[in-house]
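Take a look at the letters that make up each chain.
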Amino acid sequence: MTSKKTRILTADDDPQLLRLVSRNLEFDGYEVVTARDGQEALEMIEAHHPDLVLLDVMMPRMDGLTVCQHVREFSAVPIIIITARGQDSDKVKGLDLGADDYLTKPFSIEELLARVRAVLRRTQFMSHEQTHAARTVTQIGDLTIDYAQRKVQMGETEIILTPTEYRILAYLTQNAGRVVTQDLLLEHVWGNEYVGESHMLQVNVNRLRRKIEPDPSRPNYILTKIGIGYQFATNPGKVGQATN
């Protein structure tokens, strides 16, 4: 019995680049579906339920950032956004909207495949963690985390997290009270090839704070240790500290 291929949707309005990316992904063993504009990409994500999405930012009908925003309303599928060189604001905005990683044009096929493998590896590892997790539930303040079910609640309200957000939260809460360095978090959540890319971590932590903190600008749960990393409070108080 043959195993089901990993399905990747790649969206780009450049037909030559779309063919190049598709052929190399297929050569690497993936099933590929394609879209040439943002609206088509969104429709195909809903129809084909891919395991990973590659989204170019600059596309007709709907840009990649808007697609990312809409997808996060109904799916936690891993997303890699593709931006033009120098468009750092697009990278930050994409990560802030829920993208898991980014690629900068022009890129090599080797870099593309490495990023794809890294994102899929994180997703598969998280599924493995969930399957083999003990029935452990942690409660810190009003926050409750069921690691086996990957369920997060603030009081009685369930908090929907992306896979990246969840892995950050799980690692911090499992080390509550300890200061975790930025590089250690990057290595655990993204992999050792991402050590030093602190902006990716900062954007995701800020997004996570907006979901779990009563006042994200004065966090009670995820505390910044300036120049070092982050600490998850063991006894969240009423007054937090300013973010960095």
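Before going into details, it helps to say that this report is about the structure given with it. (Residues numbered from 1 in each chain as written. Predicted model: local features only at pLDDT ≥ 70, side-chain atom pairs only at ≥ 80, totals over all residues. Heavy atoms only, no water.)

With that settled, the discussion passes to the packing of aromatic side chains. Applying the stated criterion to the full structure yields 1 aromatic pair. Relative to Phe232, the ring of Tyr221 lies with its centre 5.9 Å away and its plane at 45°, an arrangement referred to as tilted. With Tyr221 in the loop between helix H8 (198-212) and strand S11 (222-225) and Phe232 in strand S12 (residues 229-232), this residue pair connects regions lying 11 residues apart in the sequence. Residues Tyr221 and Phe232 agree in their burial class; the two are buried. The aromatic ring of Tyr102 is capped on one face by Arg115, whose charged end is 5.7 Å from the ring centroid. Positioned above the aromatic ring of Tyr166, the side-chain terminus of Arg150 is 4.9 Å from the ring centre. (Phe/Tyr/Trp six-rings, centres within 6.5 Å; stacked < 30°, edge-to-face > 60°. Helix = DSSP H or I, 4+ residues; strand = E, 2+ residues; numbered from the N terminus. Buried < 20%, exposed > 50% of the residue type's maximum accessible area, 1.4 Å probe, protein only. Lys NZ or Arg CZ within 6 Å of the ring centre and 35° of its normal.)

This brings us to the pairing of S11. Consecutive residues of a regular strand have side chains that alternate between opposite faces of the sheet. The pairing of S11 with S12 spans 4 bridges and is antiparallel. Residue Ile222 lies in a different strand from S12, and its bridge partner there is Phe232. Hairpin connection from S11 to S12: 3 residues lie between these consecutive antiparallel strands, with Gly227 at a positive phi of about 80°. (Pairing = 2+ DSSP bridges.)

This part takes up the pattern of salt bridges. What the rule picks out here adds up to 11 salt bridges. Here Asp37 ties to Arg61 by a salt bridge, and the two come within 3.3 Å at their closest N and O atoms. Placement of the pair is Asp37 in the loop between strand S2 (31-35) and helix H2 (38-48) and Arg61 in the loop between strand S3 (52-56) and helix H3 (64-71), with a sequence separation of 24 residues. Residue Asp37 is classed as buried on the basis of its relative accessible area, which comes to 11%. The exposure class of Arg61 is exposed, given its relative accessible area of 63%. Because the salt bridges share partners, they merge into one network encompassing Asp12, Asp56 and Lys105. (Salt bridge = Lys/Arg side-chain N within 4 Å of Asp/Glu carboxyl O.)

Tracing the sequence through the fold places Asp12 in the loop between strand S1 (7-11) and helix H1 (15-27). For Asp12, a relative accessible area of 3% corresponds to the buried category. Among the polar contacts listed, one links the side chain of Asp12 to the backbone nitrogen of Asp14, at a separation of 2.8 Å. Those residues in contact with Asp12 that lie beyond four places of it in its chain are Leu17, Leu18, Ala35, Arg36, Asp56, Met59 and Lys105. (Polar contact = N/O pair within 3.5 Å; in protein donor to acceptor, adjacent residues only side chain to side chain. Contact = heavy atoms within 4.5 Å.)

Across the 5 residues of S3, 5 count as buried, placing the element largely inside the fold. Side chains Leu52, Leu54 and Asp56 of S3 all project onto a buried face; the interleaved residues Val53 and Leu55 project onto the opposite face, where all are buried too. Alignment of S3 against strand S4 (residues 79-84), held across 4 bridges, turns out to be parallel. Directly across from Leu55, in S4, lies its bridge partner Ile81.

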